Amino acid sequence: MLNAVFVANAAEESVNPIFPASYDIIWSAVCFAIILVFFWKAVLPKVQTMLDERSAAIEGNIAKADEAQAQAEAALQEYTAQLAGARQEAGEIREAARADGVKIVAEAKDAAVAEAARVTASAKTQIEAERQSAVVTLRKEVGSLAIDLASGVVGESLSDDKKAGALVDRFLADLEASEKASK
Amino acid sequence: MHIPFVSANDGEFHGPTINEFFPPVIFFEGTPFEINRIILIRFLAVAVIILLFWLATRKMSVVPGRGQSLAEMALDLVRGGIAEDLLGKVDGRRFLPILTAMFFIILGFNITGIIPGLNIAASSTIGFPLVLAVVSYVTFIYSGIKKSPKNFFKNSLFPAGVPWPVYIIVTPIELISTFVIRPVTLTLRLLMNMIVGHLLLVLFFSATQFFFFTADGFFKLFGVGSLAFGFAFTLFEILVAVLQAYVFTLLTAVYIQLALAEEH
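Not measured: the values here are computed from a predicted model.

S.K.: Lay out the overall build of chain B with the relevant residues and their values.
M.R.: Of regular secondary structure, chain B possesses six helices and two strands. The order of helices and strands in chain B, counted from the N terminus, is β-β-α-α-α-α-α-α. If you line up chain B on its principal axes, its C-alpha atoms span 70 × 55 × 40 Å. Within chain B, the fraction of its 264 residues that count as buried is 38%.

Here is the structure:
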């Protein structure tokens with residue numbers, strides 16, 4: 001069988017694949033030239049343009065994003081500053097309110113104390129006055145009552161005021177003395 | 001259509017031969033512009049590459065659609081992964097057209113090897129790898145000479161950091177490796193990968209055909225095995241197609257980078 005293969009090979013026209021035929025080279029060169037020109041002049045410039053556009057677009061987007069971020073940061077700072085201002089203002093208002101409150105309470109306390117003092121003083125004055133008038137009235141009434149009582153008891157009229165007065169005084173003094181003694 | 005492997009008549013198994021890669025001429029026989037099946041496949045591959053990329057980049061937009069995304073991903077493999085990575089932004093952009101064209105034409109020509117109906121890599125005859133190797137060769141020598149002829153030849157032939165007597169040995173080696181070996185290896189690496197890949201596939205599938213339809217009884221079972229191998233190598237060929245395109249382009253970029261380098 002091997003012999004048969006060799007015989008068949010020998011019978012056919014022997015060709016060396018290492019020696020190029022002219023048509024082989026010519027058509028290879030033509031094909032390569034066509035492909036080279038196609039890629040060189042048609043495909044690669046288009047691709048290059050597109051790649052440039054793409055990187056430009058990407059860079060543009062990055063720039064846009066940077067800008068947006070800067071804006072956002074500025075807005076955030078402004079907001080933070082406003083917030084801090086508002087906080088400070090609120091603090092000031094609160095301080096003022098506290099101070100006002102303290103002042104109001106103090107004033108109210110002072111007013112109340114003064115009022116209380118006034119009320120106490122007037123009450124004392126009134127009490128004193130009433131006590132005085134009561135003492136006077138009592139003395140008068142007790143005197144006449146005692147005289148009436150005594151007149152009744154002694155059966156004599158103590159019409160003489162001088163005497164009557166002395167008598168009453170003595171009576172009262174006795175009364176006080178007895179009160180002391182009974183204590 | 002060229003069907004060289006099995007002739008069902010004689011009941012013998014014929015392995016694939018090198019004549020696979022030299023199908024009968026279809027047009028312009030006898031002129032230097034002969035067109036055979038492989039050349040027609042090249043034209044088709046070129047048309048498909050142009051059509052795909054034209055469709056994908058017809059309406060480029062900053063926010064890509066599905067087709068544009070795929071095309072961008074593919075183009076970025078060369079732009080980012082090879083050109084800018086090795087050559088930097090400025091030189092990367094200068095050599096981008098040649099590297100991109102190189103990558104996609106090699107990929108397109110390689111992949112036809114596993115496309116049903118085409119079944120042969122358009123890059124599997126020496127003309128194509130040779131032309132691209134010459135392009136790569138001319139490009140890296142041009143870039144080196146244009147930048148600084150003195151630096152270029154000094155770096156290529158007299159690598160720095162070597163005591164001078166060693167140059168007696170090193171310089172001829174560098175001369176051969178830079179100006180002879182490089183294009184030859186570029187050519188042969190691609191060519192042989194494609195030739196061997198195709199021969200393997202033909203071998204597995206013609207063996208499958210033979211086992212299934214010509215062999216007797218028990219031997220028919222071998223057909224299952226050879227079919228499975230044929231399938232596995234078809235997948236492998238996809239990898240090879242992409243890998244060879246990548247390696248060829250990458251090496252070209254590396255050569256340009258070395259030619260542009262101030263100092264090794």
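S.K.: Talk me through the overall build of chain A; I want residue IDs and the actual numbers.
M.R.: Looking only at helices and strands, chain A features three helices and zero strands. Along chain A, helices (α) and strands (β) appear in the sequence α-α-α when read from the amino end. Relative to its 183 residues, chain A shows a buried fraction of 7%.

S.K.: I'd like a description of the packing of helix H3 (residues 127–147) of chain B against helix H6 (residues 222–260) of chain B, backed by residues and values.
M.R.: Residues and elements named next belong to chain B. In the contact formed by H3 and H6, the axes pass within 8 Å of each other and the chain directions differ by 20 degrees. Of the possible angle classes, the one that applies to H3 and H6 is roughly parallel. Handedness of the H3/H6 crossing: right-handed. Two secondary-structure elements touch here, H3 through Leu132, Ser136, Thr139, Phe140, Ile141, Ser143, Gly144 and Lys147 and H6 through Phe248, Thr252, Tyr255, Ile256, Ala259 and Leu260. Partitioned by chemical class, the residues of the contact of H3 with H6 number eight nonpolar, five polar and one charged.

S.K.: Explain the environment of Leu55 of chain B to me, and be specific about the residues and the numbers.
M.R.: Residue position: Leu55 of chain B is located in helix H1 (residues 37–56). Residues Leu55 of chain B and Gly67 of chain B, twelve residues apart in the sequence, show an inter-C-alpha distance of 7.9 Å.

S.K.: Hey, could you go over helix H4 (residues 149–157) of chain B for me, with residue numbers and the actual values?
M.R.: Residues and elements named next belong to chain B. The set of residues buried in H4 consists of Phe152, Asn155 and Ser156. All buried residues of H4 project into a common sector of 95 degrees when viewed along the axis, lining one side. The inward-facing, buried residues of H4 contact H3, helix H5 (167–213) and H6.

S.K.: Tell me about unusual backbone geometry, residues and numbers included.
M.R.: Glycine aside, negative phi is the norm for most residues, and most peptide bonds take the trans geometry. Residue and element names in this part refer to chain B. Phi is positive for Phe28, which is not a glycine, with a value near 55 degrees. Tracing the sequence through the fold places Phe28 in the loop between strand S1 (25–27) and strand S2 (35–36). For Phe28, a count of 13 C-beta atoms within 10 Å gives the class partly exposed. The phi torsion at Asn119 lies on the positive side, around 55 degrees, for a residue other than glycine. Relative to the elements of secondary structure, Asn119 occurs in the loop between helix H2 (66–111) and H3.

S.K.: Could you give an account of the packing of H5 of chain B against H6 of chain B, with specific residues and numbers?
M.R.: Two quantities define a packed helix pair, namely the angle between the axes and the distance from one axis to the other. Residues and elements named next belong to chain B. Running from amino to carboxyl end, H5 crosses H6 at an angle of 170 degrees, the nearest separation of the two axes being 9 Å. The orientation of H5 with respect to H6, classified from their angle, is roughly antiparallel. Residue classes in the contact of H5 with H6 are distributed as 17 nonpolar, eight polar and two charged.

S.K.: Kindly report on the nonpolar core, identifying the contributing residues and their values.
M.R.: Here is a general trend for soluble globular proteins: nonpolar side chains tend to be buried in one another's company. Counting residues in each nonpolar core, the largest one holds 67 residues, and the members touching the most others are Ile35 of chain A together with Ala83, Leu99, Met102, Ile105, Ile106 and Leu132 of chain B. Mapped onto this core, the elements with two or more residues apiece are helix H2 (22–154) of chain A together with H1, H2, H3, H5 and H6 of chain B. Sorting elements by how many residues they give to this core places H2 of chain B first, with 20 residues. Apart from the residues within four sequence positions on either side, Met102 of chain B is in contact with Leu132, Phe248, Thr249 and Thr252 of chain B. By size, the runner-up hydrophobic cluster in this structure holds seven residues, among which are Leu201, Val202, Ala207 and Phe211 of chain B.

S.K.: Now, about the UniProt feature "transmembrane region" (unreviewed entry) in chain A: what can you tell me, with residues and values included?
M.R.: Within this numbering scheme, the UniProt entry marks residues 25–44 of chain A as carrying the feature "transmembrane region" (unreviewed entry). Secondary structure content for residues 25–44 of chain A is 100% helix and 0% strand, and the end C-alpha separation is 26 Å.

S.K.: Outline the interface of chain B and chain A, listing residues and values.
M.R.: Contacts between the two partners involve 38 residues from chain B, matched on the other side by 35 residues from chain A. Listed by contribution, the elements that provide at least two residues to the side of chain B that touches chain A are H1, H2 and H3 of chain B. It is H2 of chain B that contributes the most residues to the side of chain B that touches chain A, eight residues altogether. Residues belonging to the side of chain B that touches chain A are distributed by class as follows: 27 nonpolar, eight polar and three charged.

S.K.: Give a detailed account of the UniProt feature "coiled-coil region" (unreviewed entry) in chain A, specifying residues and quantitative values.
M.R.: Sequence positions flagged by UniProt for "coiled-coil region" (unreviewed entry) are, in local numbering, residues 58–96 of chain A. Its end C-alpha atoms 56 Å apart, residues 58–96 of chain A is made of 100% helix and 0% strand.

S.K.: Kindly report on the UniProt feature "transmembrane region" (unreviewed entry) in chain B, identifying the contributing residues and their values.
M.R.: Residues and elements named next belong to chain B. The positions that UniProt labels "transmembrane region" (unreviewed entry) are, in the present scheme, residues 38–56, 95–120, 126–145, 157–180 and 186–205. Across residues 38–56, the secondary structure splits into 100% helix and 0% strand, with the terminal C-alpha atoms separated by 27 Å. Counted over residues 186–205, helix gives 100% and strand 0%. Its end C-alpha atoms are 29 Å apart.

S.K.: For the confidence of the model for chain B, give the residues involved together with the corresponding values.
M.R.: Residue and element names in this part refer to chain B. Averaged over every residue, the pLDDT of chain B is 89; the share at 70 or more is 95%. Contacts from residues 1–9, a stretch scored under 50 in pLDDT, to residues over four places away or in other chains number 17 contacts. Note on the complex model: pTM 0.70, ipTM 0.88.

S.K.: Mind laying out the confidence of the model for chain A, listing which residues take part and the relevant values?
M.R.: Residues and elements named next belong to chain A. In the predicted model, chain A carries a mean pLDDT of 84, and the fraction of residues at 70 or more is 87%. Helix H1 (residues 2–11) is the least confidently modelled element of chain A, averaging 44 in pLDDT, while H2 averages 90, the highest of any element. Low pLDDT, under 50, characterises residues 1–12; the predicted model gives this stretch eight contacts beyond four residues in sequence or across chains.

Conventions adopted
Residues numbered from 1 in each chain as written. Chains lettered and ligands numbered in written order. Predicted model: local features only at pLDDT ≥ 70, side-chain atom pairs only at ≥ 80, totals over all residues. Helix = DSSP H or I, 4+ residues; strand = E, 2+ residues; numbered from the N terminus. Buried ≥ 20, exposed ≤ 12 C-beta atoms within 10 Å, placed from the backbone. Axes fitted to C-alpha atoms, helices over the stretch in contact; angles between N-to-C directions. Parallel < 35°, antiparallel > 145°, perpendicular 65-115°, else oblique. Left-handed = near helix turned anticlockwise from the far one by under 90°. Contact = placed C-beta atoms within 7 Å. Nonpolar A, V, L, I, M, F, W, Y, C, P; charged D, E, K, R; others polar. Arc of directions from axis to C-beta. Core = buried A, V, L, I, M, F, W, Y, C linked by C-beta atoms within 7 Å. UniProt positions renumbered as here; feature names shortened; annotations may be inferred. pLDDT = per-residue confidence, 0-100.

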